[in-house]
Amino acid sequence: MNQEKDQEIGQAVMKALGRVIEPDFKKDLVTLKMIENLGVKDGHVTFTVILTTPACPLKEEIKKACMEALAPIEGIRSVDIQMTARTTGGGAKEGKAEIEGVRNVIAVSSGKGGVGKSTTAVNLAIALTELGAKVGILDSDVYGPNIPMMLGIKGLPKQVNNRWFPPKAYEIPVMSMAFMAPPGAPLIWRGPMLHGIITQFVRDVEWGELDYLVVDMPPGTGDAQLSLAQLVPVTGAIIVTTPQEVALSDSRRGLAMFQKVNVPILGIVENMSSFHCPHCNHETPIFSQGGGEKAAAELKVPFLGRIPIDLSIRQAGDEGRPIGIAQPDSPLTAAYLKIAGNIASRISILNSEFQPITLGNLA
Ligand SMILES: Nc1ncnc2c1ncn2[C@@H]1O[C@H](COP(=O)(O)OP(=O)(O)OP(=O)(O)O)[C@@H](O)[C@H]1O
Ligand SMILES: [Mg+2]
């Protein structure tokens, strides 16, 4: 085949890809500058699709759509598509410096304590890693830091030339107050000290290159939480809630706190949804049902998904082997993966120069 024919095919390919619509952005792949390295040689077509996150839940769908779009083009003998990602970042926010190497910061928060923030933070970090992203966790719960335990971390950060190198679990670097105090010691912080330690966690830690830094927030929406949200350049926040009726007022409080400091809400995760009895197969809505979804609708933020209440989630946390590691094929792991994908999509949209489309219920 001659060069001219290859050139013709290349043009037809670009034209066809210009009609493939990215489902989140509702714009075509060429306009979105997602196509690179197009090559045609003797009718063999190669190109790369650059996604905005390695955790893109639409990866396979987009690849399939490209294949289908090219199918009618005459003269094509083969198509080889590389799917890669260049994670877009949230950038510096209102004077808050970016954390070196960290593209996006995700705050995991809630209106009240004990709803499963830390469990959700850990499992979402594992899920995002599984989806191909580089992820770290900052345990900013200075009063009850328990992320290291949930991840089974025994090591401590190493300090070299005033830089802290965090220990890792399942490829995830973790920084926590738990490393700074002996177990069981009460952690009492006055405002400025708290400010200082969080500043250190943000500035003096070698996180490496991260697509997402997940920040487990302390419970509540008081001053400490507010100053934390102000200190860290947060790309977006997730509100974790239980399904009860009261969840709405709790979520509203969580939401208001982030709005005060101009942090976008990525959405609401409903934790401890229903209980599926392994013996009789019956579903019991222990903490009622639908509260998270209802809260999301009323507060006009996306509903990201629900996680059932399950003994193995609690056990996995206690044993330091999160469910995504201990039971990769479990439906619970699938639920976390789905939410992680939704979060990654939301962040890509937030970071995009292209205007977001309306986002509703993502679950
Ligand atoms: N979906 C779930 N199924 C079963 N147990 C869960 C689930 N989510 C969390 N838990 C358990 O509930 C308890 C509280 O969870 P977790 O510590 O994650 O909450 P938290 O919101 O971070 O609490 P705090 O406000 O104290 O920081 C833990 O024992 C955890 O293992
Ligand atoms: Mg917690």
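Residues numbered from 1 in each chain as written. Chains lettered and ligands numbered in written order. Predicted model: local features only at pLDDT ≥ 70, side-chain atom pairs only at ≥ 80, totals over all residues. Heavy atoms only, no water.

S.K.: Looking at this structure, how should I read the overall build of the protein chain?
M.R.: What the protein chain contains, in helices and strands, is eleven helices and 16 strands. Counting across all 363 residues of the protein chain, residues that qualify as buried make up 50%. For the protein chain, the proportion of contacts with a sequence separation of at least 24, taken over those separated by at least 6, is 74%. (Helix = DSSP H or I, 4+ residues; strand = E, 2+ residues; numbered from the N terminus. Buried < 20%, exposed > 50% of the residue type's maximum accessible area, 1.4 Å probe, protein only. Contact = heavy atoms within 4.5 Å.)

S.K.: Looking at this structure, I do not really get the packing of helix α1 (residues 3–17) against helix α2 (residues 59–70). What am I missing?
M.R.: A packed helix pair is summarised by two numbers, namely the angle formed by the two axes and the spacing between the axes. Packing of α1 against α2 brings their axes to within 9 Å, and their N-to-C directions diverge by 130°. Compared by their axis directions, α1 and α2 come out oblique. Crossing of α1 over α2 shows right-handed handedness. Along its contact with α1, which presents Val13, Ala16 and Leu17, the element α2 presents Cys66, Ala69 and Leu70. (Axes fitted to C-alpha atoms, helices over the stretch in contact; angles between N-to-C directions. Parallel < 35°, antiparallel > 145°, perpendicular 65-115°, else oblique. Left-handed = near helix turned anticlockwise from the far one by under 90°.)

S.K.: Sorry if this is basic, but what is going on with the site of ligand 1 here?
M.R.: In the vicinity of ligand 1 there are 19 residues, among which Gly114, Lys117, Ser118, Thr119 and Asn271 approach most closely. In the environment of ligand 1, a nitrogen atom lies 2.9 Å from a nitrogen or oxygen atom belonging to the backbone of Pro308. Look at ligand 1: alone it shows 630 Å² of surface, and the protein chains cover 80% of it. Mapped by element, the contributors of at least two residues to the shell around ligand 1 are α3 (117–130), β14 (265–276), β16 (303–309) and α9 (311–319). Of the residues belonging to the shell around ligand 1, the class tally is eight nonpolar, seven polar and four charged. (Near = heavy atom within 4 Å. Polar contact = N/O pair within 3.5 Å; in protein donor to acceptor, adjacent residues only side chain to side chain. Areas by Shrake-Rupley, 256 points an atom, 1.4 Å probe, with all protein chains shown as cover. Nonpolar A, V, L, I, M, F, W, Y, C, P; charged D, E, K, R; others polar.)

S.K.: Got a minute to help me understand helix α11 (residues 331–351) in this structure?
M.R.: Spacing of three or four residues puts side chains on the same side of an α-helix, whose turn is 3.6 residues. Look at α11: 30 Å from first C-alpha to last across 21 residues, which is about the 30 Å you get at 1.5 Å a residue. In terms of residue burial, α11 counts as a mostly covered element, since 16 of its 21 residues are buried. Its side-chain oxygen 2.8 Å from the backbone nitrogen of Leu332, Ser330 forms the N-cap of α11. (Expected span 1.5 Å × (residues − 1).)

S.K.: Which parts of the structure should I look at to understand the pattern of salt bridges?
M.R.: Side-chain pairs of opposite charge can arise whenever the charged atoms involved come near each other. Here the structure, examined in full by the defined rule, presents eleven salt bridges. The partner of Glu36 in a salt bridge is Arg86, with the nearest N and O atoms 2.9 Å apart. Highlighted residues: Glu36 in strand β3 (residues 35–41) and Arg86 in the loop between β5 (78–85) and β6 (102–109), separated in sequence by 50 residues. Taking the relative accessible area as the measure of exposure, Glu36 reaches 28% and is therefore partly exposed. Notably, a salt bridge pairs Glu270 with Arg306, separated by 3.7 Å at the nearest N-O pair. Of the two residues, Glu270 sits in strand β14 while Arg306 sits in strand β16, which places them 36 residues apart along the sequence. Put simply, Arg103, Glu209 and Asp211 are held in one network by salt bridges that share partners. (Salt bridge = Lys/Arg side-chain N within 4 Å of Asp/Glu carboxyl O.)

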